[in-house]
Amino acid sequence: MERNEFIKSLGLGVAMVCTGACFSACGKKSDSPEPSKPNGGGVPTGTTASVDLNTQLLTVGASVVVNGILFIRTAAGNTTTSFAATQAACPHQGGALSFIQASNYIQCGLHNSRYTTTGSILAQPNDGGTTSALKVYPLTVSANMLTATA
Ligand code: FES
């Protein structure tokens, strides 16, 4: 083997090792199963959000997101027991949560984790990661205004 050929083959080997190390490091970072949202995707303590029950959440199964909180009407009537309020961002990696009325669960649009309206986990993310239970916020009703406070 000529000296020039030897140096070229050495350079190619070093480049392959560096590329492999880079891909390995990148893979480890993106495969992290840990929740990556600050506060687990919940809103900061003290945050409030309100819904006018004269115009929103009129039917059982209706839902709306206000100020980072997902409101769901779970039953008829305008008492606090007729509603649920959870964080609207998924604890896993912050995907948008939606209430799926036909199945009566909350689902993440990013990796399809699922939760009950009381925040319990029904299904883990489909990317191999893990999620945590949803934060559920206490409710009050006054003058037909539904308010959740974190
Ligand atoms: S962000 Fe919701 S399951 Fe991954």
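Whatever comes next refers back to the structure up there.
No experiment lies behind these values; they were computed from the predicted model shown.

Student: Looking at this structure, how should I read the environment of Thr147?
Tutor: Structurally, Thr147 is set in strand E10 (residues 145-149). Taking the C-alpha atoms as reference, Thr147 lies 9.4 Å from Phe71; in sequence the two are 76 residues apart. Ignoring sequence-local partners within four residues, the contact set of Thr147 consists of Thr48, Ala49, Ser50, Pro138, Leu139 and Thr140.

Student: For this particular structure, what's the right way to read the pairing of strand E3 (residues 69-73)?
Tutor: The side chains of a regular strand alternate between both faces of the sheet. Along E3, five of the five residues are buried, which leaves the element largely enclosed by surrounding structure. Burial along E3 is two-sided: Ile69, Phe71 and Arg73 and Leu70 and Ile72, pointing in opposite directions, are all buried. With four bridges joining them, strand E2 (residues 63-66) and E3 adopt antiparallel strand pairing. Its bridge partner being in E3, Val65 is matched across the sheet by Leu70. Linking two consecutive strands that pair antiparallel, namely E2 and E3, is a turn of two residues; a positive phi of about 55° is found at Asn67 within it. Alignment of E3 against strand E4 (residues 83-87), held across five bridges, turns out to be antiparallel. Across the sheet, the residue bridging to Leu70 is Thr86, located in E4.

Student: Please explain the sheet that holds strand E5 (residues 97-100) as it appears in this structure.
Tutor: Adjacent strands of a sheet form backbone hydrogen bonds with each other and so pair up, either parallel or antiparallel. Overall, antiparallel pairing links the four strands, which are arranged E5-E6-E7-E8 in an open sheet. Either end of the sheet is taken by a strand with one partner, and the two such strands are E5 and strand E8 (121-123). Across two bridges, the pairing between strand E6 (residues 105-108) and strand E7 (residues 114-115) is antiparallel. By the bridge assignment, Gln107 is partnered in E7 with Arg114.

Conventions adopted
- Residues numbered from 1 in each chain as written.
- Predicted model: local features only at pLDDT ≥ 70, side-chain atom pairs only at ≥ 80, totals over all residues.
- Heavy atoms only, no water.
- Helix = DSSP H or I, 4+ residues; strand = E, 2+ residues; numbered from the N terminus.
- Contact = heavy atoms within 4.5 Å.
- Buried < 20%, exposed > 50% of the residue type's maximum accessible area, 1.4 Å probe, protein only.
- Pairing = 2+ DSSP bridges.

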